[in-house]
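As a plain string of letters, each chain reads:
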Amino acid sequence: MAPQFNPRSSDFHRDPWTVYRHLRSEAPVYRQEELGFWALSRFDDVRNALYDWETYSNEGGVVVGEGSFFKPFLLIMDPPRHTQLRRLMVDILTPKRFLELEPAVRARARSLLQPARRDGRIDLAADFAARLPMSIIGRLLGIPEEMDAQFIEWGHAIGNIDPEGGAEDGRRAVEAIQKIYAWYDRCFDQRLAAPGRDDVIGRIVALEQRGELSRDEAIGFGFLITIAGSETTTRLIGNTLALLEAHPQQKAALLADSTLVQGALEETLRYDSPTYLETRTLKRDVELHGQHMRAGDQVALLFNAANHDEGHFENPDTFDIMRELGPADHLAFGGGVHACIGVQLARMEGRVAFEEIIAALGSYTLDMADAQHTYSTNQRGWLRLPAQVGEAVAT
């Protein structure tokens with residue numbers, strides 16, 4: 001029986017690579033009848049769709065199935081409104097502002113790793129990878145530190161599916177999204193009554209006051225920055241840790257030479273990207289590889305399948321931190337008008353996280369028997385990565 005692609009299936013997530021190989025070879029335009037969408041798996045097809053927003057529209061949502069409960073935000077808009085709002089976001093979240101956060105990222109990483117030096121153990125997913133990005137994006141936004149744990153819980157509810165959860169998982173995800181919306185709505189009201197703070201929330205409130213954003217768009221702004229700025233980086237760190245553990249020689253090389261960190265992160269982004277799928281909605285009929293897709297159909301762009309395309313990468317199913325990859329050689333951060341705005345922050349946080357792990361922990365061993373992998377219909381990552389710590393090599 002041919003492998004089946006179902007992003008809600010635990011069987012698929014246990015071994016997606018076999019499914020991806022079959023799709024690229026035998027069904028590059030795959031029809032998922034049960035969930036009612038098409039899927040593209042070859043690198044060129046996915047990349048072309050990313051850059052053709054006039055055909056492959058974001059307005060129908062970027063997740064499999066119904067997404068009408070979302071308030072308006074950049075990922076579910078097309079130009080011209082997308083162009084206007086993206087310009088506003090880029091003015092607030094500049095690459096310079098991201099890179100200026102490096103000292104704060106390093107200090108927070110060190111503080112999170114400090115207990116491991118004393119106790120000899122740490123959960124590098126729950127107690128480090130989940131907490132570091134939320135702490136940084138939270139302070140950048142202006143979210144009180146005491147809300148970090150709550151936002152992490154909400155993010156996990158949105159981005160994790162229990163294979164036995166069924167409709168209950170969907171209910172929890174929608175409920176978490178609505179709670180984030182309600183928090184931002186209250187926060188914006190409070191800031192309007194007491195303006196003046198120069199953080200991202202303060203700038204969003206100022207945009208609303210000037211009439212450049214509606215309240216729903218302001219809430220969507222906050223939601224996108226919070227979740228995209230924390231959950232995906234959490235998963236990048238966790239996925240890299242797990243892949244290194246599965247490749248001990250490469251892990252040993254990295255622990256001995258921290259200059260290999262950026263290559264390891266880039267290879268993780270290619271090999272097992274945190275966001276493995278986004279959907280688009282067709283605005284016109286498309287003929288591709290002998291299949292006829294109709295206007296209004298939902299199309300899934302399979303980033304991890306494209307990033308394993310034999311026609312684009314040599315030995316694509318081999319994890320190799322020495323692989324020479326440029327920043328635009330894979331599709332982990334999307335492309336075109338909807339390319340990820342926070343690329344510099346994600347790469348910097350990942351690099352600093354591993355530099356500090358190496359410096360603080362020296363050697364470490366993950367207990368994969370007690371690890372917990374997690375996934376959703378568009379993301380993959382880890383909830384638990386317990387580690388035993390060796391002797392640190394730096395203070």
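Residues numbered from 1 in each chain as written. Predicted model: local features only at pLDDT ≥ 70, side-chain atom pairs only at ≥ 80, totals over all residues. Heavy atoms only, no water.

> Explanation requested: the sheet that holds strand 4 (residues 121–123) in the structure shown.
Sheet architecture is open: three strands sit in the order 4-12-9, paired in antiparallel fashion. Only two strands of the sheet have a single neighbouring strand rather than two, namely strand 4 and strand 9 (364–366). On average, each strand axis in the sheet is tilted by 25 degrees relative to the strand beside it, whichever way the strands run. As paired strands, strand 9 and strand 12 (residues 386–389) are joined by three bridges and run antiparallel to one another. (Pairing = 2+ DSSP bridges. Helix = DSSP H or I, 4+ residues; strand = E, 2+ residues; numbered from the N terminus. Axes fitted to C-alpha atoms, helices over the stretch in contact; angles between N-to-C directions.)

> How should I be thinking about the packing of aromatic side chains in this particular structure?
Each aromatic ring pair is specified by the distance between its two centres and by the angle formed by the two planes. The tally for this structure, following the rule as stated, stands at 18 aromatic pairs. Between Phe 151 and Trp 183, the ring centres sit 5.2 Å apart and the planes meet at 85 degrees, which makes this aromatic pair edge-to-face. One end of the pair, Phe 151, is in helix 9 (residues 148–159); the other, Trp 183, is in helix 10 (residues 167–193), with 32 residues separating them in the sequence. Given a relative accessible area of 2%, Phe 151 falls into the buried group. (Phe/Tyr/Trp six-rings, centres within 6.5 Å; stacked < 30°, edge-to-face > 60°. Buried < 20%, exposed > 50% of the residue type's maximum accessible area, 1.4 Å probe, protein only.)

> Just to check I follow, could you spell out the pairing of strand 10 (residues 372–375) for this structure?
The two faces of a sheet get side chains in turn, since along a regular strand they alternate between them. Here four bridges tie strand 10 to strand 11 (residues 380–384), and the two strands are oriented antiparallel to one another. Directly across from Gln 372, in strand 11, lies its bridge partner Arg 384. Joining the antiparallel neighbours strand 10 and strand 11 is a turn of four residues.

> Would you mind going over the sheet that holds strand 1 (residues 29–32) with me for this structure?
The pairing of strands in a sheet comes from backbone hydrogen bonds and takes either a parallel or an antiparallel form. Pairing is mixed in the open sheet, where five strands are placed in the order 1-2-8-5-3. At either end of the open sheet lies a strand with only one pairing partner, and these are strand 1 and strand 3 (56–57). Here two bridges tie strand 3 to strand 5 (residues 277–282), and the two strands are oriented antiparallel to one another. Within strand 5, the residue paired with Tyr 56 across the bridge is Leu 282. The strands that helix 3 (residues 43–51) touches are strand 2 (37–40), strand 3, strand 5 and strand 8 (298–302); relative to strand 8, the one it contacts most, it runs at about 120 degrees. (Contact = heavy atoms within 4.5 Å.)

> What should I look at first to understand the pattern of salt bridges in this one?
Scanning the model with the defined rule gives 34 salt bridges in all. For the salt bridge of Asp 189 with Arg 215, the shortest nitrogen-to-oxygen distance reads 3.2 Å. With Asp 189 in helix 10 and Arg 215 in helix 12 (residues 215–228), this pair connects stretches of sequence that are 26 residues apart. The partner of Arg 197 in a salt bridge is Asp 199, and the shortest N-O contact between them spans 3.3 Å. Arg 197 sits in the partly exposed class, given a relative accessible area of 49%. Judged by its relative accessible area of 7%, Asp 199 is buried. Here the residues in one salt-bridge network are Glu 102, Arg 106, Arg 110, Arg 351, Glu 355 and Glu 356, joined through shared partners. (Salt bridge = Lys/Arg side-chain N within 4 Å of Asp/Glu carboxyl O.)

> Quick question: what am I supposed to make of unusual backbone geometry here?
Working note: non-glycine residues mostly have negative phi, and peptide bonds are mostly trans. Backbone torsion omega between Pro 79 and Pro 80 reads 10 degrees, so that peptide bond is classified as cis. Of note, Pro 80 is situated in the loop between strand 3 and helix 4 (81–92). Here the phi dihedral of His 289 falls at roughly 50 degrees; this positive angle occurs in a residue that is not glycine. With respect to the element layout, His 289 can be found in the loop between strand 6 (286–288) and strand 7 (291–293). Unusually for a residue other than glycine, Asn 315 sits at a positive phi of about 45 degrees. Along the chain, the position of Asn 315 falls in the loop between helix 16 (303–306) and helix 17 (343–361).

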